[in-house]
Amino acid sequence: VDKLFIIFPFEIEYFKKWGIDAVYRGNPLIDSIADKTANSPAYPEFIKKNNLPDKPVIAFLAGSRKQEIKYIVPRVKKLVPEFPDHQFVLAAAPSLDKDFYDKYISPADNIAVVYNQTYDTLKVADVAIVASGTATLETALLNTPQVVCYGGNEISYQIARFLVKGYISLVNIIMDAPVVKELIQHDMSVEKMKNEVQALLFDKAYRNNQLEAYRQLRDSLGEYGSSKRVAEAMVEELKKDS
């Protein structure tokens, strides 16, 4: 590798240890989110478009892996009655069709499922319950307080825990701090989820601490235009070689 273009600033030191010259010019999610949410509907338009009641939204991003969804959905279903003044809206993964979600969520569960509206759902939500992955960073960049949940096959979990030390959410990894609560496997109880969602909804200081950490996170990732900056840096590199 002559030059490596990376998407997280903390990767520079990691690759330096291996003698690789890594360059950071920003994270492409900054551009993607800004472009895709430029015309996002406000809360009144969102609930009207999706035929939802006029109640504050708790967003639910269950991930795109079927095993994850099978594990997390039953727990969130038990959480719904704990927040009667809010509505739960699941932003469906584009890779999974309606028939799959219908196996796990019925009208009686009081969880609305919307399609191709992940960013729009997060923008109008007061809080989000997010499966680990890129969605945790997207949620932070959209400034929605969140609790991160992960669960699945026990063997896979034990292997992952052996291989992965420390944080699992991108937000915490980038900040190297427990910015968002991570409820993993056995810790992902209904009671712990309820306590965290309540704190993010009703404890103003607790909520603001997370939002302030989000601000620092955004600052660390850089400004809009990363894709262009990376392209320009690549062209300059090629000119030097030629």
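Reading the values: the criteria
Each chain has its residues counted from 1, running along the sequence as written. Note on the predicted model: pLDDT of at least 70 is required for a residue's local features to be given, and 80 or more for side-chain atom pairs to be given and counted; whole-chain, interface and lining totals, by contrast, use all residues. Computation of side-chain values covers all heavy atoms of the structure but excludes hydrogens and water. Numbering of helices and strands runs from the N terminus, with a helix taken as a DSSP run of H or I at least four residues long and a strand as a DSSP run of E at least two residues long. To estimate how far a helix should reach, multiply one less than its number of residues by 1.5 Å. Each residue is placed in one exposure class: buried if its accessible area under a 1.4 Å probe, protein chains only, is under 20% of its type's maximum, exposed if it is over 50%, and partly exposed if it falls in between. Arc, as used here, means the arc of the directions from the helix axis to the C-beta atoms. Contacts were defined at the residue level, with two residues in contact if any of their heavy atoms lie within 4.5 Å. Strands are labelled as partners when DSSP assigns at least two bridges between them. Lines fitted to C-alpha atoms define the axes here, with helix axes fitted over just the stretch in contact, and angles between the N-to-C directions of these axes take values from 0 to 180 degrees. Buried residues of nine kinds, namely Ala, Val, Leu, Ile, Met, Phe, Trp, Tyr and Cys, make up a nonpolar core once their side-chain atoms join them within 4.5 Å.

> What am I meant to see in helix 11 (residues 204-221) here?
With 18 residues, helix 11 ought to run about 26 Å at 1.5 Å a step, and its terminal C-alpha atoms sit 26 Å apart, in line with that. Restricting attention to buried positions, one finds in helix 11 the residues Gln-210, Leu-211, Ala-213, Tyr-214, Leu-217 and Leu-221. Projected down its long axis, helix 11 shows its buried positions confined to an angular sector of 155 degrees, all on one face. Exposed residues lying more than 90 degrees from the buried face of helix 11 are Lys-204, Asn-209 and Asp-219. Looking at the buried positions of helix 11, the neighbouring elements they touch are strand 2 (22-24), helix 2 (28-36), helix 7 (134-141), strand 7 (146-150), helix 9 (170-175) and helix 10 (190-202).

> What's the story with the sheet that holds strand 3 (residues 57-61) in this structure? I'm lost.
Sheet strands pair by backbone hydrogen bonding; their relative direction is either parallel or antiparallel. Strand order in the open sheet made by the six strands is 5-4-3-6-7-8, with parallel pairing throughout. Each edge of the open sheet is held by one strand with a lone partner, namely strand 5 (111-114) and strand 8 (181-184). Neighbouring strand axes in the sheet, compared pairwise and without regard to direction, differ in orientation by 25 degrees on average. Looking at chain direction, strand 3 and strand 6 (residues 125-131) are connected through five bridges and run parallel. Across the sheet, Val-57 pairs through a bridge with Ala-125, a residue of strand 6.

> For this particular structure, what's the right way to read the nonpolar core?
Soluble, globular proteins show a tendency: their nonpolar side chains are buried together. Leu-61, Leu-137, Leu-141, Val-171, Tyr-214, Leu-217 and Leu-221 are the most contacted members of the largest nonpolar core, which has 39 residues in total. Top contributing element to this core by residue count: helix 11, with five residues. Residues in contact with Tyr-214, not counting those within four places in the same chain, are Thr-139, Ala-140, Asn-143, Thr-144, Pro-145, Gln-146, Val-171, Val-179 and Val-180. Formed by 30 residues, the second largest nonpolar core is a distinct cluster that contains Phe-88, Tyr-101, Ile-105 and Ile-111.

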